[in-house]
Amino acid sequence: SVPGMRGWVERPSKVTLSGWDEMGAEREPRQLVGLAARIAQHELDHLDGILFPKCVPNQDFLVPQASVAARDGWAKDWPSPGSYKTSLGELCDEK
């Protein structure tokens, strides 16, 4: 969403999508879990004009892409418990 910037956004791990197809017929609801649910929420944010920096709890959860490679040196609880050991795009249940 934002070149050169990475961040942590808390999102539900399960979502149900519903809607209509291009002919106006209602689609069966579809449940997504894990990374698929996360991606769907991210993309729906784009449709609403929202970029991920607006979704982070505070500025501490935004980091330059270049610093992500050095996250082994981050404080173990920064920016939140589990962040230093959670790869981008992966999920962490640790709070």
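First, a word on scope: everything that follows refers to the structure included in this document. (Residues numbered from 1 in each chain as written. Predicted model: local features only at pLDDT ≥ 70, side-chain atom pairs only at ≥ 80, totals over all residues. Heavy atoms only, no water.)

Observations regarding the pairing of strand E2 (residues 14-20)
Thinking step 1. Sheet topology note: the E2/strand E3 (residues 26-33) ladder contains six bridges and is antiparallel. Its bridge partner lying in E3, Lys 14 is registered against Val 33.
Thinking step 2. Hairpin connection from E2 to E3: five residues lie between these consecutive antiparallel strands, with Gly 24 at a positive phi of about 90 degrees. (Pairing = 2+ DSSP bridges. Helix = DSSP H or I, 4+ residues; strand = E, 2+ residues; numbered from the N terminus.)

With respect to a nonpolar patch on the surface
Thinking step 1. A cluster of nonpolar residues, Leu 17, Leu 44 and Leu 47, forms a patch on the protein surface that exposes about 280 Å² of accessible area.
Thinking step 2. In this fold, Leu 44 is placed in helix H1 (residues 34-47).
Thinking step 3. For Leu 44, a relative accessible area of 40% corresponds to the partly exposed category. (Patch = residues over 30% accessible without salt bridge, like charges linked within 9 Å, V, L, I, M, F, W, Y side chains within 5 Å. Areas by Shrake-Rupley, 256 points an atom, 1.4 Å probe, with all protein chains shown as cover. Salt bridge = Lys/Arg side-chain N within 4 Å of Asp/Glu carboxyl O. Buried < 20%, exposed > 50% of the residue type's maximum accessible area, 1.4 Å probe, protein only.)

With respect to the side chain of Asp 45
Thinking step 1. In this structure, Asp 45 sits in helix H1.
Thinking step 2. Setting aside anything within four residues of it in sequence, one finds Asp 45 in contact with Arg 11, Ile 50 and Cys 55. (Contact = heavy atoms within 4.5 Å.)

With respect to the nonpolar core
Thinking step 1. If you look at the biggest cluster of nonpolar residues, it comprises 10 residues: Val 2, Trp 8, Val 9, Phe 52, Val 56, Phe 61, Leu 62, Val 63, Val 68 and Trp 74.
Thinking step 2. If near-sequence neighbours (up to four positions away) are discounted, Val 63 is found in contact with Gly 4, Met 5, Arg 6, Trp 8, Val 68, Trp 74 and Trp 78. (Core = buried A, V, L, I, M, F, W, Y, C linked by side-chain atoms within 4.5 Å.)

Quick look at the environment of Val 68
Thinking step 1. Locating Val 68 in the fold gives a position in helix H2 (residues 65-68).
Thinking step 2. Along the backbone, Val 68 and Met 5 are 63 residues apart, and their C-alpha atoms lie at a distance of 9.5 Å.

Section: the pattern of salt bridges
Thinking step 1. Tallied over the entire structure, the rule returns one salt bridge.
Thinking step 2. Ionic pairing is found between Arg 11 and Asp 45, a salt bridge with its closest N-O pair at 2.9 Å. Here Arg 11, found in the loop between strand E1 (5-7) and E2, pairs with Asp 45, found in helix H1; they are 34 residues apart in sequence, far enough to count as distant.
Thinking step 3. We classify Asp 45 as buried; its relative accessible area is 15%.

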